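# Topology and contacts: notes
Chain by chain, the residues:
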Amino acid sequence: MTHEQNTLAFDLGGTKIAAALVREGRLLDSVRLATREGAGPDDWIADMSALAANWRGRFCNVGIAVTGVVRDGYWSALNRATLDVGVDYPLVERLHSELGQKALAVNDAQAAAWGEYCYGAGQGRDMIFLTVSTGVGGGIVLGGRLWQGNDGLAGHVGQIPVGETGQPFENEVSGRWFARAALAAGHPGTAKTVFQAAAAGERWADAIILQSAARMARLCETLQAILAPDIIVIGGGIGLAEGYLEHIDAAVDRSSRCTRVKLFRASLRVDAGLLGVADLVNRASTESTM
Ligand code: ADP
Ligand code: BMX
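A few points on the structure.

Each value, and the rule that gives it
Residue indices follow the written sequence of each chain, beginning from 1 at its first position. Labels are handed out in written order, letters beginning with A for the chains and numbers beginning with 1 for the ligands. The predicted origin of the model limits local features to residues at a pLDDT of at least 70 and limits the giving and counting of side-chain atom pairs to 80 or more, whereas totals for whole chains, interfaces and linings rest on all residues. With hydrogens and water excluded, all non-hydrogen atoms of the structure serve as input to the side-chain values. In this scheme, strands are said to pair when DSSP sees at least two bridges between them. Helix and strand definitions here come from DSSP, where helices need a minimum of 4 consecutive H or I residues and strands a minimum of 2 consecutive E residues; each element is numbered from the N-terminal end. The axes used here are C-alpha line fits, helices contributing only the stretch in contact, and every angle between their N-to-C directions lies in the interval 0 to 180 degrees. Two residues qualify as a contact provided that any one of their heavy atoms is within 4.5 Å of a heavy atom in the partner residue. With a 1.4 Å probe rolled over the protein chains alone, any residue whose accessible area is under 20% of its type maximum counts as buried; one over 50% counts as exposed, and the rest are partly exposed. Starting at the helix axis, one direction is taken to each C-beta atom, and the arc is that of these directions. A carboxyl oxygen of Asp or Glu within 4 Å of a side-chain nitrogen of Lys or Arg is what we treat as a salt bridge. By convention in this text, a residue qualifies as near a molecule or strand provided that one of its non-hydrogen atoms is within 4 Å of it. Polar contact criterion, stated in full: a pair of N or O atoms within 3.5 Å, where within protein one must be able to donate a hydrogen and the other to accept it, and residues adjacent in sequence count only if both atoms are side-chain atoms. Residue-level accessible areas treat just the shown protein chains as cover; the underlying method is Shrake-Rupley with a 1.4 Å probe. Charged residues are defined here as Lys and Arg on the positive side and Asp and Glu on the negative side; His and the ends of the chain fall outside this count. Side-chain classes follow a simple rule in which Ala, Val, Leu, Ile, Met, Phe, Trp, Tyr, Cys and Pro form the nonpolar group, Asp, Glu, Lys and Arg form the charged group, and the remainder, Gly included, forms the polar group. Here is the rule: rings of Phe, Tyr and Trp (six-membered ring for Trp) pair when centre to centre is within 6.5 Å. Planes less than 30 degrees apart are stacked, more than 60 are edge-to-face, and the remainder are tilted.

## Regarding the sheet that holds strand β1 (residues 7-12)
Across the sheet, which stays open at both edges, the five strands sit in the order β3-β2-β1-β4-β7 with mixed pairing between neighbours. Both edges of this open sheet fall to β3 (26-34) and β7 (103-107), since each of them pairs with a single strand only. Here the strands of the sheet are splayed against their neighbours by 15° on average, with no regard to which way each runs. Two strands pair when backbone bridges link them, and β1 and strand β4 (residues 61-66) are joined in this way by six bridges, in the parallel orientation. Following the sheet pairing, T7 is matched in β4 by N61. Across the face of the sheet, helix α1 (residues 41-51) comes into contact with β1, β2 (16-23), β3 and β4 while running at roughly 40° to β2.

Encoded structure:
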């Protein structure tokens, strides 16, 4: 096989950047890097270009899955607390000038949903993918199609307004919330350190995890009542953390026959977005040559 079959895939979230060389649903090689804090889109593109430097000339197309919404190649944050992207950053144009190739750009949770539908836990099912990570993202696959809505917004469950203030749902569930809750409990750190503390028997950490999981259970019940997917696939650094899916499952109200929530762990784990965007790129390039 030659490089004609290879896709350069990126997955940029609020905490980490991943890059991979993908061929036919397999990662040939992949690397990861922390998303630089206090930086901006130009910096993150430079970091992605450096990550991919060793693969120059070994791919025929490029796909990027990003936190935030992508419309006609322009990238915007919906929640600047998750990643401060700004509004209408010319992502496709800047990647083109950096890599010399036009990239397909899509929301990260939508890409991960497609990856799980094509190769993972959601194969052949009507499914919703939920990432619990720096924010909370979502992707919807119904009838074999990724539903992006008419403006790329579909699936953005983390932006559902909640409470009296109508603040985004993710602000009381996700990695950024874990860090605030840990600080308030007198144990500054990240979601990762909260799970480590819980594993060491710290009850304050258990309380934070259970509160987040209970709120995710309410979200799953709501989505089940609206879209009635066959399954809900859970991914993301927190979503995949030890015991977290089980805590969501335990908090789901099974007394009501209406909401039959069936939860599955993302079987592609952290690679779902990379594999999903690579497949989307290949489908787009095939369609454009037909
Ligand atoms: P991104 O949001 O950039 O896609 P992740 O999916 O890794 O990145 O999610 C980042 C969040 O997940 C952070 O809050 C981080 O602390 C948390 N996290 C990462 N790994 C773990 C882990 N093994 N256990 C618990 N939390 C984790
Ligand atoms: C936010 C939103 C979504 C994203 C989700 C998970 C921004 C910058 N992002 O709801 O587009 O899918 O976070 O993002 O508004 P992640 O960084 O946790 O993967």
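## Here we look at the environment of G155
With respect to the element layout, G155 can be found in the loop between β10 (145-146) and β11 (161-162). We classify G155 as buried; its relative accessible area is 11%. Taking the C-alpha atoms as reference, G155 lies 28 Å from A207; in sequence the two are 52 residues apart.

## Focus on helix α4 (residues 175-184)
Buried within α4 we find G175, W177, F178, A181 and A182. Taken down its axis, α4 places every buried residue within 150° of arc, on the same side. Facing away from the buried side of α4 by over 90 degrees, the exposed positions are L183 and A184. In this structure, the buried side of α4 is in contact with α5 (191-199), α6 (203-227) and α7 (244-251). Directly after α4, the chain includes G186, whose backbone phi takes a positive value near 85°.

## Some details on the pattern of salt bridges
Across all of its chains, the model carries 10 salt bridges by this definition. Residues D47 and R36 are paired through a salt bridge, measuring 2.8 Å at the closest nitrogen-oxygen approach. Here D47, found in helix α1, pairs with R36, found in the loop between β3 and α1; they are 11 residues apart in sequence, far enough to count as distant. Salt-bridge contacts for D84 lead to R80; the nearest nitrogen and oxygen are separated by 2.5 Å. A relative accessible area of 42% means that D84 is categorised as partly exposed.

## Thoughts on unusual backbone geometry
The residue E24 is not glycine, and still its phi comes out positive at about 45°. Inspection of the secondary structure puts E24 in the loop between β2 and β3. With a relative accessible area of 58%, E24 lands in the exposed category. Despite not being glycine, A228 shows a phi value in the positive range, around 45°. Relative to the helices and strands, A228 is located in the loop between α6 and β13 (231-235).

## Brief notes about the site of ligand 1
Taken together, 15 residues lie near ligand 1, and G13, T15, K16, T134 and G237 sit nearest. Between an oxygen atom of ligand 1 and a main-chain N or O atom of T15, the distance comes to 2.8 Å. In this structure, K192 approaches ligand 1 through a main-chain N or O atom, which is 3.3 Å from an oxygen atom. When ligand 1 is considered free in solution it has 560 Å² of accessible area, and contact with the protein chains removes 79% of it.

## Examining the side chain of D108
Along the chain, the position of D108 falls in helix α3 (residues 108-119). No salt bridge is formed by the buried D108; its nearest oppositely charged neighbour, K16, is found at 6.8 Å. Within the structure, D108 has its side chain in polar contact with the side chain of N107 (distance 3.3 Å). Setting aside residues up to four positions removed in sequence, D108 forms contacts with D11, L12, A65, V66 and T67.

## Some details on the site of ligand 2
Surrounding ligand 2, one finds 19 residues, the nearest of these being G68, D108, S133, H156 and E170. Between ligand 2 and L78, the relevant distance is 2.8 Å, taken from an oxygen atom to a main-chain nitrogen or oxygen of the residue. V136 has a polar backbone atom sitting 3.3 Å from an oxygen atom of ligand 2. Its free accessible area being 460 Å², ligand 2 has 97% of it covered by the protein chains. In terms of residue class, the shell around ligand 2 is made up of four nonpolar, 13 polar and two charged.

## Examining the packing of aromatic side chains
Within the structure shown, the criterion is met by six aromatic pairs. Between the aromatic rings of F195 and Y244, the centroid separation amounts to 6.1 Å while the plane-to-plane angle is 65°, which identifies the pairing as edge-to-face. Taken together, the positions of F195 in helix α5 and Y244 in helix α7 put the pair 49 residues apart, joining distant regions of the chain. As far as burial versus exposure is concerned, F195 and Y244 are alike and both buried. Of the aromatic side chains, those joined through ring pairs into one cluster are W177, F178, F195 and Y244.

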